[in-house]
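What follows is the residue order along each chain.
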Amino acid sequence: MITAVLKHAWDLYRTHFGTVAAVVMVIWLPLELLSSYMDYFVFDSDDFRRSFKFAQFLDNFFGIIATAGVISIGYTSWLGRRPSVREALDVGVRSWGRMWWTRFLTALTLVFGFLLLIFPGIYLLVRLALVEPIAVCERVSGSAAMRRSFELTRGHFWQEIGRAHV
């Protein structure tokens, strides 16, 4: 089963490589240039912490547009339509709020799970693996996306663990 999933993912990526690359470059090229500028001219050369925090900020506030766009490319293709860069970017921008709120709640839940002990954190990590695709494709956010991810992974915990290690 995992082989079929990976083959399908590779076929989607190969078929729509230009669209995926364009969406990622439109969002990430300016962000990478800004991050490099900050690393070189603003942050101290030994200040890895500030550099890392700034990169995380860029990813959590702007990079999620590219993530949602790439998810929409796969979803559009799965629906049998030809994805476009413009449509993917539009979906990415429109999904920003849902993606941000969902990512925020998921991160809080995972921190709580890992504070309880390692196994609850791993359990939650696996069960919440689908929240971002759900936020984009089903247009729900926050706790509704988390509940839906739990619903979709119910009874498939060990299969999802296996997928995470491949």
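Basis of the calculations
Residues numbered from 1 in each chain as written. Predicted model: local features only at pLDDT ≥ 70, side-chain atom pairs only at ≥ 80, totals over all residues. Heavy atoms only, no water. Salt bridge = Lys/Arg side-chain N within 4 Å of Asp/Glu carboxyl O. Helix = DSSP H or I, 4+ residues; strand = E, 2+ residues; numbered from the N terminus. Buried < 20%, exposed > 50% of the residue type's maximum accessible area, 1.4 Å probe, protein only. Contact = heavy atoms within 4.5 Å. Phe/Tyr/Trp six-rings, centres within 6.5 Å; stacked < 30°, edge-to-face > 60°.

Peer 1: It is not clear to me how the pattern of salt bridges should be interpreted in this structure. Could you clarify?
Peer 2: Between side chains of opposite charge, a pair can form when the charged atoms approach closely. This structure, assessed with the given rule, holds 9 salt bridges. Here Asp11 makes a salt bridge to Arg14, at a shortest N to O gap of 3.1 Å. With Asp11 and Arg14 both in helix H1 (residues 2-15) and 3 residues apart, the pair spans about one turn of that helix. The class of Asp11 is partly exposed, set by a relative accessible area of 24%. Across the salt bridge formed by Arg50 and Asp47, the nearest N and O atoms sit 3.8 Å from each other. Each of Lys7, Asp11 and Arg14 takes part in one network of salt bridges that share partners.

Peer 1: Sorry, what's going on with the side chain of Ser51 here?
Peer 2: Locating Ser51 in the fold gives a position in helix H3 (residues 48-78). With sequence-adjacent residues up to four places away left out, Ser51 is seen in contact with Asp39 and Phe43.

Peer 1: Hey, could you run me through the packing of aromatic side chains in this one?
Peer 2: We describe a pair of aromatic rings using the distance from one ring centre to the other and the angle between the two ring planes. Per the stated rule, a full pass over the model turns up 16 aromatic pairs. On the numbers, 4.7 Å between centres and 85° between planes, the contact of Tyr40 with Phe41 is edge-to-face. Look at Phe41 and you get exposed, because its relative accessible area is 55%. With a centroid separation of 6.1 Å and 85° between ring planes, the pair formed by Phe57 and Phe62 is classed as edge-to-face. In this structure Phe62 comes out as partly exposed when scored by relative accessible area, which is 37%. Through a chain of ring-to-ring contacts, the aromatic side chains of Phe43, Phe54, Phe57, Phe61, Phe62, Trp96, Trp100, Trp101 and Phe104 assemble into a single cluster.

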